[in-house]
Amino acid sequence: MSIRRLPENLVNRIAAGEVVERPASALKELVENAIDSGARNIAVRLASGGIDLIEVTDDGCGMSPDDMALALERHATSKLPGEDIDLVATLGFRGEALPSIASVSTLAMESRVGAREGWRRVVDHGVLTHEGPAALPPGTRVRVENLFGKVPARRKFLRSPRAEYAAALDTIKRLAMARPDIGFAVEHDGRRVLTVQPDMERPERVAALTNAELIDNSVGLDFEREGVRLGGIASLPTYNRGIADHQFLFVNGRPVKDKLLIGAVRGAYAEMLARDRHAVVALFLDLPFTEVDVNVHPAKTEVRFREPALIRGMIVSGLRHALDQSGFRAVQRPSADALSAWQQEPVRTAQGDIFAAPRTFYQGNYAPAFSSLAEKRTSFADMGRIEGEDLAPLMGRAAEATEPVPESRSHPLGVARGQVANTYIVAEAEDGLVIVDQHAAHERLVLERMRWAMEQASGAIPSQALLLPQVVELDEPACDRLEARLEELSAFGLELERFGPAAMLVRATPAMLGGGDVKALVEDLADDLAAYDEALSLKERIDHVAATMACHGSVRAGRVLSVPEMNALLREMEVTPHSGQCNHGRPTWVKLALGDVEKLFGRK
């Protein structure tokens, strides 16, 4: 078969396969054109997720009739005034989008420049069908109908209208996030689904497009290094999601999905999130155009950096520095589901005043006032045995005051008032009630102490020799993994030796861990190495080892703490980085604001 030049309409359909993958792809190209035109407001209308209709209206500079004709030709663009493609400052630059979309749909384009007359061109699957004057305000309106209507092989691969709508809305959100100076309005099947006003602050725009709670549960970023600037917001580790759909990355104002950047975000949160949880971030990288290549993907969703190590290191260090500054912060308020779990017990006035007499003698036929109490005890006759007994110990535990109780207003996490279930510390702060998970909190404190000790001791943590070395029996592969990491474990103060084919001899443990279950510690370390050893870098492996040791060296749930011990834990949390979440990303404390307490009692 001889070589031949392909006809123009077939070339456009082939290009459409690269540029127009689905309705969201066409929508992205049209909105990018509107942004590049200098628009201040962009309105989008969709029908059936964009399959039946995509309409984008802007108030930008508009186009003359001659420019409109050129815009529908391949490789015709106003965005490359010269021939240096490395200095692209606009979102689009190839000049392929409009002719590609017009080759697989019915495209109607109307535009008007200032006070001039508006013009309209209609192209039906690559064929010009109408041209003439049009009435519209200054700007441009592009209407795309019946996408892939005459290309059934492509249309059958589209997903459901609901799925296509979700993809289109995500595209709009990313573009709107990149340009908080532009207002966006989105309508789907006649219903307004999104409206953001122009000239918003960046954190405000990000929260408006994701979740309003993000503002109160995030930290800001603003760093600069070697001509590269990193800005944006990042959620606290305790404010996370099960999927990574709320990680927004932008390079010079261009939304991208880059594996390097996503990996950097994961690395920054490595020891603060469980492996199946994901942070909520919106990161904006601004760097010289010569340091990034945007011409590596037909849809321009991927970029290539000249110095990827610099970019990754900046994101990791920038995020960690910002999270370090957050100190003991965690998600500030319990969820609505948690608050709704509080119940108001029904009080029956027929019972009389239970505090009228100094003591109470319960009769067998006594009807309890609280239904939940009745379920716990079917007969109250046996409670007569507590006659004359002080009931206070049944209600709580009190500690003798050896010094004045500190003022709660001087401490962000408040002053300890008690302990519930020997697991949760209840503290009173100036603005609410603080509940602390003592094990999770102390686990994070021990981990941060170990890290600090390694830095101060040039990579070695003091160890405490065991009076009698302990033998821990494991299977042979587990012993092999531990033996290969003896040097790393020794840096943490854990001294191990191989003791036959299926056992390890423990000679010393980290001094700061105190006494503990040595066997359980070694077994957990062996399991961690089996799960993550090959997949993680040395730094990440060290973090996992430290986290495992910290878990075994922390205050366990079920341990009774004195009031001074509780207050000491609270004070250390206030000055320790990342103490708002445990080593697995769960919150270490929550606050019930006074307003929420008042609502529970009907005072508000």
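Draft legend 1. Representation of the overall build of the chain within the structure. Helix and strand counts for the chain stand at 19 helices and 24 strands. A total of 604 residues make up the chain; the buried ones form 45% of that total. Across the chain, contacts joining residues at least 24 apart in sequence account for 67% of those joining residues at least 6 apart.

Draft legend 2. Examining the sheet that holds strand E23 (residues 503–510) more closely. Overall, antiparallel pairing links the 3 strands, which are arranged E21-E23-E22 in an open sheet. Only two strands of the sheet have a single neighbouring strand rather than two, namely strand E21 (463–473) and strand E22 (495–498). Taken pair by pair, the neighbouring strands of this sheet meet at an average axis angle of 15°, ignoring direction. Taken strand by strand, helix H14 (residues 476–484) contacts E22 and E23, and its axis lies near 130° from that of E22.

Draft legend 3. Representation of empty space enclosed by the protein within the structure. Applying the stated criterion across every chain, the model contains 2 cavities of 30 Å³ or more. For the second largest cavity, the calculated volume is near 30 Å³. If you trace the second largest cavity, you find it lined by Leu249, Phe250, Leu261, Leu283, Leu285 and Ile315. Here the residues of the lining of the second largest cavity sort into 6 nonpolar, no polar and no charged.

Draft legend 4. Representation of the pairing of strand E9 (residues 218–225) in the model. Taken together, the 8 bridges between E9 and strand E10 (residues 228–235) define a ladder with antiparallel strand orientation. Across the sheet, glutamate 224 pairs through a bridge with arginine 229, a residue of E10. The turn joining E9 and E10, which pair antiparallel and follow one another in sequence, is formed by 2 residues; a positive phi near 50° is taken by glutamate 226.

Draft legend 5. A look at the nonpolar core. Leu27, Val31, Ile42, Val44, Val56 and Leu107 are the most contacted members of the largest nonpolar core, which totals 58 residues. Ignoring anything within four residues of it in the chain, the contact list for valine 31 reads Ile42, Val44, Val56, Ile172, Leu175 and Phe184. Of all hydrophobic cores here, the second largest spans 33 residues; its members include Leu230, Tyr269, Val292 and Val294.

Draft legend 6. Here's a closer look at the pattern of salt bridges. For the structure shown, the criterion picks out 29 salt bridges. As a salt-bridge pair, aspartate 199 and arginine 40 come within 2.6 Å of each other at their nearest N and O atoms. One end of the pair, aspartate 199, is in the loop between strand E8 (191–196) and helix H7 (202–209); the other, arginine 40, is in the loop between helix H2 (23–36) and strand E1 (41–47), and 159 residues separate them in sequence. Relative accessible area serves as the criterion here: at 53%, aspartate 199 is assigned to the exposed category. The structure contains a network of salt bridges with shared partners spanning Arg45, Glu55, Arg143, Glu145 and Glu187.

Draft legend 7. The packing of aromatic side chains, seen in detail. Tallied over the full model, the rule gives 1 aromatic pair. Judged by centre distance (4.6 Å) and plane angle (5°), the ring pair of phenylalanine 250 and phenylalanine 284 falls under stacked. Residue phenylalanine 250 is found in strand E12 (residues 247–251), and its partner phenylalanine 284 is found in strand E15 (residues 281–286); the two are separated by 34 residues along the sequence. Under the relative-accessibility criterion, phenylalanine 250 is labelled buried at 1%. Owing to a relative accessible area of 4%, phenylalanine 284 belongs among the buried residues under this scheme. The cationic tip of arginine 202 hangs over the ring face of phenylalanine 284; the distance from NZ or CZ to the ring centre is 3.9 Å.

Draft legend 8. Representation of the packing of helix H6 (residues 161–178) against H7 within the structure. It is at 9 Å that the axes of H6 and H7 come closest, and there the two elements cross at 170°. Relative to H7, the element H6 lies roughly antiparallel. Each of Lys173, Ala176 and Met177 in H6 lies in contact with H7, whose residues at this interface are Arg205, Val206 and Leu209.

Draft legend 9. Highlighting the pairing of E10. Taken across its 8 residues, E10 has 7 buried, putting it largely inside the fold. With 6 bridges joining them, E10 and E15 adopt antiparallel strand pairing. Looking at the pairing, leucine 230 lines up with leucine 285 of E15.

Draft legend 10. Structural view of the environment of methionine 314. Looking at where methionine 314 falls in the secondary structure, it is placed in helix H9 (residues 308–325). A C-alpha to C-alpha distance of 9.1 Å links methionine 314 and arginine 229, two positions 85 residues apart in sequence. In this structure methionine 314 touches Phe223, Glu224, Arg225, Val228, Arg229 and Leu230, once residues within four positions along its chain are discounted.

Draft legend 11. Focus on the confidence of the model for the chain. Residues with a pLDDT of 70 or more make up 74% of the chain, whose mean pLDDT is 79. Every residue in residues 347–396 scores below 50 in pLDDT, and together they form 26 contacts with partners more than four places removed in sequence or on other chains.

Draft legend 12. Local environment of the environment of glutamate 495. Tracing the backbone through its elements, the reader meets glutamate 495 in strand E22. Ignoring sequence-local partners within four residues, the contact set of glutamate 495 consists of Ser463, Leu505, Val506, Arg507 and Ala508.

Draft legend 13. Looking closely at the sheet that holds strand E24 (residues 589–593). Pairing within the open sheet is antiparallel, and its 4 strands lie in the order E18-E19-E20-E24. Strands with a single pairing partner mark the edges of an open sheet, and in this sheet they are strand E18 (415–420) and E24. Put simply, the sheet's adjacent strands are angled 25° from each other on average, direction ignored. Here E18 pairs with strand E19 (residues 424–429) via 5 bridges, running antiparallel. Residue pairing for E19: valine 415 is matched across the bridge by glutamate 428. Here helix H18 (residues 563–574) sits on the sheet in contact with E18, E19, strand E20 (432–437) and E24, set at roughly 115° to E18.

Draft legend 14. Region of interest: H14. Residues Ala478, Cys479 and Leu482 constitute the buried set of H14. Buried residues of H14 fall within an arc of 100° about the axis and therefore sit on the same side. The N-capping residue of H14, defined by a side-chain oxygen 2.9 Å from the backbone nitrogen of alanine 478, is aspartate 475.

Cut-offs used in this document
Residues numbered from 1 in each chain as written. Predicted model: local features only at pLDDT ≥ 70, side-chain atom pairs only at ≥ 80, totals over all residues. Heavy atoms only, no water. Helix = DSSP H or I, 4+ residues; strand = E, 2+ residues; numbered from the N terminus. Buried < 20%, exposed > 50% of the residue type's maximum accessible area, 1.4 Å probe, protein only. Contact = heavy atoms within 4.5 Å. Pairing = 2+ DSSP bridges. Axes fitted to C-alpha atoms, helices over the stretch in contact; angles between N-to-C directions. 1 Å grid on protein atoms, 1.4 Å probe; cavity = no way out; pocket = protein on both sides within 12 Å on 5 of 7 lines; lining within 4 Å. Points joined across faces, edges and corners; volume = space filled by probe spheres on them. Nonpolar A, V, L, I, M, F, W, Y, C, P; charged D, E, K, R; others polar. Core = buried A, V, L, I, M, F, W, Y, C linked by side-chain atoms within 4.5 Å. Salt bridge = Lys/Arg side-chain N within 4 Å of Asp/Glu carboxyl O. Phe/Tyr/Trp six-rings, centres within 6.5 Å; stacked < 30°, edge-to-face > 60°. Lys NZ or Arg CZ within 6 Å of the ring centre and 35° of its normal. Parallel < 35°, antiparallel > 145°, perpendicular 65-115°, else oblique. pLDDT = per-residue confidence, 0-100. Arc of directions from axis to C-beta. Polar contact = N/O pair within 3.5 Å; in protein donor to acceptor, adjacent residues only side chain to side chain.

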